[in-house]
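A closer look at the structure
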Amino acid sequence: MNRSKGEADDRSKELGADFLQLDAAEAPTGGLTEWLARRLREAVADGRLPVGSRLPASRVLAAELGVSRGVVTDAYRRLGEAGQVCGRGRGGTVVVAAPAPAAAPAPRRPAPVLFRDGPDAEVFDQLRAAPARIDLTPGLPDLAAFPRAAWLRAERAVLDGLAAHHLGYGDVRGAPALREAVAHWLARNRGIRADPEEVLVVAGTAQALALLGRALGRLGITEVALEDPGSLGARQHLAHWLAATPPVPVDAQGVRVDALRATGAPAVLLTPAHQYPTGVVLGGERRRELLGWAREGGLVIEDDYDAEHRYDRPPLPALRAALPEQVCYAGSISKLLAPALRTGWLLVPARLRDAVLEAKRFADLGNPVLPQLVLARLMESGELERHLRLLRRRHRRRRDAMIAAVRAHLPGATVHGAAAGLHLMLTLPERPGRSDTELATAALAAGVKVQPLSWHARLPQPPGLVLGYAARSPAEIDEGVAVLGRLVRHGARRSATPAPGRAG
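Turning next to the overall build of the protein chain. Counting its secondary structure elements, the protein chain contains 17 helices and 16 strands. The principal-axis extents of the C-alpha atoms in the protein chain amount to approximately 90 × 65 × 45 Å. Looking at the protein chain residue by residue over its 504 residues, the buried ones come to 50%. Contacts spanning at least 24 positions in sequence make up 73% of the contacts within the protein chain whose residues lie at least 6 apart. Accessible surface for the protein chain amounts to roughly 24,100 Å². Of this, 53% is attributable to carbon and sulfur atoms. Across the protein chain, the centroid of the 67 positively charged side chains sits 5 Å from that of the 54 negatively charged ones.

Pasting the structure below:
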C-alpha cells in the first residue's frame, strides 16, 4: 500500500487523521491513492471542504495517515487536474471549485409576512435580515461611531497588565473592576448610590429581563404589567417566562398608575427616563404616585432605556435612586457602544439577589471577562463620557434632520419623543382601510425599513410609525422620510389580492 516499513511499524496502532476522520486502513490493497482522492472529492462535494478551505500540507497528512508523502501529493494532483483544488505556494493547497449539486425541487414555503398583527418571536430576526436601501428601524445605534481606537488602547493596556489567573473562569456576578466602574458611572450619571457588590453584569437588557422573569416566577410572581404602547421585544422576553403581562396605558405624563392598580399586577416594567416608543418622560406627580404604589408593596422593573441620549431636557435621576428596595434597575451599553458587546448591568432589591444570581449562574456562568475589563477602563478613564458627548452632538443633528424631513414630507404626522433617545414616534391621521402595517410593508418594498406603531401596542392606538435616526446620515433620513411621504399621499395599498367586496 505504498507505506514504508518503518512508517507502518511506527503507526500500526494509530487510528487515522482527525482531518475528515480519514483511516487508511479502509483503503483496498493497492488502491490507497484512489481511495484518498475519492474521499477528498466527496468532502468537496458535500461541503465539508468548502471553496476557500485549505488542505493539510502533504507531509503532515502523510504522517498522520502513516503513508508515503507521494500518496498524498498524487491524490492532490488528481483533484487539481479536475479543477477542484489549486496549489498556492506558501498558501498551501486550496479548494477552488465544487461540483454543482444536483438540482432538487425546493420546498414550497410561504414567504414570511413581516408586518402583521401579533408578530412572533422571530420577527426581529426577519426584519434585520430583510434588505433595504435605507434602514430607519429604531434601536439601531450608529455602529460606525464605535470608538475603535479608544477600545484598542484600552484592550492593550488591559492585556499588558493582566495576570494569568484572570484568564480563568470569572466571578459569575461580573469582573470586580467593571462592577466598581458601573457603580461609579451610575452615581455620576443616574443619581444611583450602589455598592459594587450589588451590581450584576449581564448580557444586555434582554438577559436582565430573562433573569428577572425566571427569578420572579420561582418566587411566585408570575404577572408583570407592561406599558402600552411599549416595547414589543421586552414584552416577548417577559412573556416567555411569565404567565401574564397585562397592558397599562401611557399618556402624556407616563404610565397611568390608576390603571396599573386596576390590573392587580404585583410588578411593572417601565422605561421612565424615555418611554418606549412614545418618548414621554415620567412626570413629577405621576412619579410620586408610582413610588407610592411601590411603597405599598409593588415592584418596579426600571429599564433605563436611552437615558444618556438627551438633547432638550435636563437629566432626571433614576427611580432606583429614590426607592432601591422596590426597584430592579437594568441598563446596558448597547446604544452607547454596540449591541454586539452584549454587556449590561442589573441591580435588584436584596430579597431578589440570590434568586437572580442563581438564574445567571445556570444561564452562562458569567459574561466574558476580557471585554468587561476593557469597558471598565473606558468608564474609569473618562473615554466613555467623551464618546457620549460626541454622540449627543451627532444624534442631535440627525434628530433635527428627521424632524425637518417629517415637516416637509409628512405634514399631517405628529412627532412624539423628540427631546431624547435615538428614535421618533409618529402618529398619522386615521384613514379607513389603511393600517400602519400596510404602510410599513409598502415602505419596505420601496427600500425603506421602519416599524409600525401597532407592533408595540395591544390597546387601541392611532396608526403610526417608529423611526430610528441614529444610524443614518441627514441626507439618507430625508430620502427615507420622502419615500414615506409619497406612500402616505398616494395611499399604501396591499400587494395581495383585495378581499371580496373591496375595490381592486
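That shown, we press on.
Two faces make up the sheet, and in a regular strand the side chains alternate between them. For strand 9 (residues 299–303), the tally of buried residues reaches five of five residues, placing the bulk of the element in the interior. By the alternation rule, side chains of strand 9 split into Leu299, Ile301 and Asp303 and Val300 and Glu302, which are all buried. The handedness of the strand 8 (residues 267–270) to strand 9 crossover, carried by helix 11 (residues 284–295), is right-handed. Pairing between strand 9 and strand 10 (residues 327–332): four bridges, direction parallel.

By way of backbone hydrogen bonds, the strands of a sheet pair with one another, either parallel or antiparallel. In spatial order, the strands read 4-11-10-9-8-5-6-7; together these eight strands make up an open sheet with mixed pairing. With one partner strand each, in any of the chains shown, strand 4 (200–202) and strand 7 (254–255) form the two edges of the open sheet. Pairing geometry for strand 6 (residues 247–251) and strand 7, over two bridges, is antiparallel. Considered in strand 7, the bridge of Asp251 is made with Gly254.

What follows is about the nonpolar core. A general feature of soluble globular proteins is that nonpolar side chains tend to end up buried together. Core analysis: the largest hydrophobic core is formed by 39 residues, its most contacted members being Leu136, Met402, Leu410 and Val450. At the level of elements, helix 5 (123–129), helix 15 (383–409), strand 13 (423–427), helix 16 (436–445), strand 16 (464–468) and helix 17 (474–490) are the ones that each hand at least two residues to this core. The element that contributes the greatest number of residues to this core is helix 17, accounting for six residues. Filtering out sequence-adjacent residues up to four positions away, Leu410 remains in contact with Ala405, Leu426, Val481, Leu484, Gly485 and Val488. Of all hydrophobic cores here, the second largest spans 36 residues; its members include Leu162, Leu186, Tyr329 and Val369.

What follows is about the sheet that holds strand 15 (residues 451–452). The sheet built from four strands is open, its strands ordered 12-13-16-15 with antiparallel pairing. With partners counted over all chains shown, the strands left at the sheet margins are strand 12 (414–416) and strand 15, one partner each. Summarising the sheet, strand 15 and strand 16 pair through two bridges and their orientation is antiparallel. Among the inter-strand pairings, Gln451 is bridged to a residue of strand 16, identified as Val466.

Mapped onto the fold, Glu438 is located in helix 16. Polar side-chain contacts of Glu438 include one of 2.9 Å to the backbone nitrogen of Ser435.

What follows is about the packing of helix 2 (residues 32–46) against helix 4 (residues 69–81). The relative placement of two packed helices is expressed as an angle between their axes plus a distance between the axes. Axis separation between helix 2 and helix 4 bottoms out at 9 Å; the angle between their running directions is 50°. In terms of orientation, helix 2 and helix 4 fall into the oblique class. Between helix 2 and helix 4 lies a crossing whose hand is right-handed. Residues Leu32, Thr33, Glu34, Leu36, Ala37, Leu40 and Arg41 of helix 2 form the contact with helix 4, whose participating residues are Val71, Val72, Asp74, Ala75, Tyr76, Arg78 and Leu79. Looking at the contact of helix 2 with helix 4 residue by residue, the class counts come to nine nonpolar, one polar and four charged.

Here is what the cut-offs are and how they apply
- Here, residues in each chain are numbered from 1, in the same order as that chain's written sequence.
- Whole-chain, interface and lining totals are the exception, using all residues; otherwise, since this is a predicted model, local features are given only for residues with pLDDT of at least 70 and side-chain atom pairs are given and counted only at 80 or more.
- The basis for the side-chain values is all heavy atoms of the structure; hydrogens and waters are excluded.
- Each helix corresponds to a stretch of at least 4 residues labelled H or I by DSSP, and each strand to a stretch of at least 2 residues labelled E; elements are numbered beginning at the N terminus.
- Throughout this description, buried means an accessible area under 20% of the type-specific maximum (1.4 Å probe, protein chains only), exposed means over 50%, and partly exposed covers the range between.
- Whether two residues are in contact is decided by their heavy atoms, any of which lying within 4.5 Å being enough.
- Only the protein chains shown count as cover for residues, with accessible areas throughout obtained via the Shrake-Rupley method and a probe of 1.4 Å.
- We count Lys and Arg on the positive side and Asp and Glu on the negative side, and we leave His and both chain ends out.
- Taken as the charge location is NZ of Lys, CZ of Arg, CG of Asp or CD of Glu.
- A crossover counts as right-handed when, viewed with the strands pointing away from the observer, the path leading from the first strand over the helix to the second turns clockwise.
- Pairing between two strands requires that DSSP report at least two bridges joining them.
- Definition used in this section: a nonpolar core is a set of buried Ala, Val, Leu, Ile, Met, Phe, Trp, Tyr and Cys residues joined via side-chain atoms within 4.5 Å.
- Definition of a polar contact: a pair of N or O atoms within 3.5 Å, with one able to donate and the other able to accept a hydrogen when the atoms are protein atoms, and with sequence-neighbouring residues admitted only if both atoms are side-chain atoms.
- To define axes, lines are fitted to C-alpha atoms, for helices over the stretch in contact only, and angles between the resulting N-to-C directions are given on a 0 to 180 degree scale.
- An angle below 35 degrees is treated as roughly parallel, one above 145 as roughly antiparallel, one from 65 to 115 as roughly perpendicular, and anything else as oblique.
- Here a crossing is called left-handed whenever its near helix is offset anticlockwise from the far helix by less than a right angle, and right-handed whenever the offset is clockwise.
- Nonpolar residues are Ala, Val, Leu, Ile, Met, Phe, Trp, Tyr, Cys and Pro. Charged residues are Asp, Glu, Lys and Arg, and all others, Gly as well, are polar.

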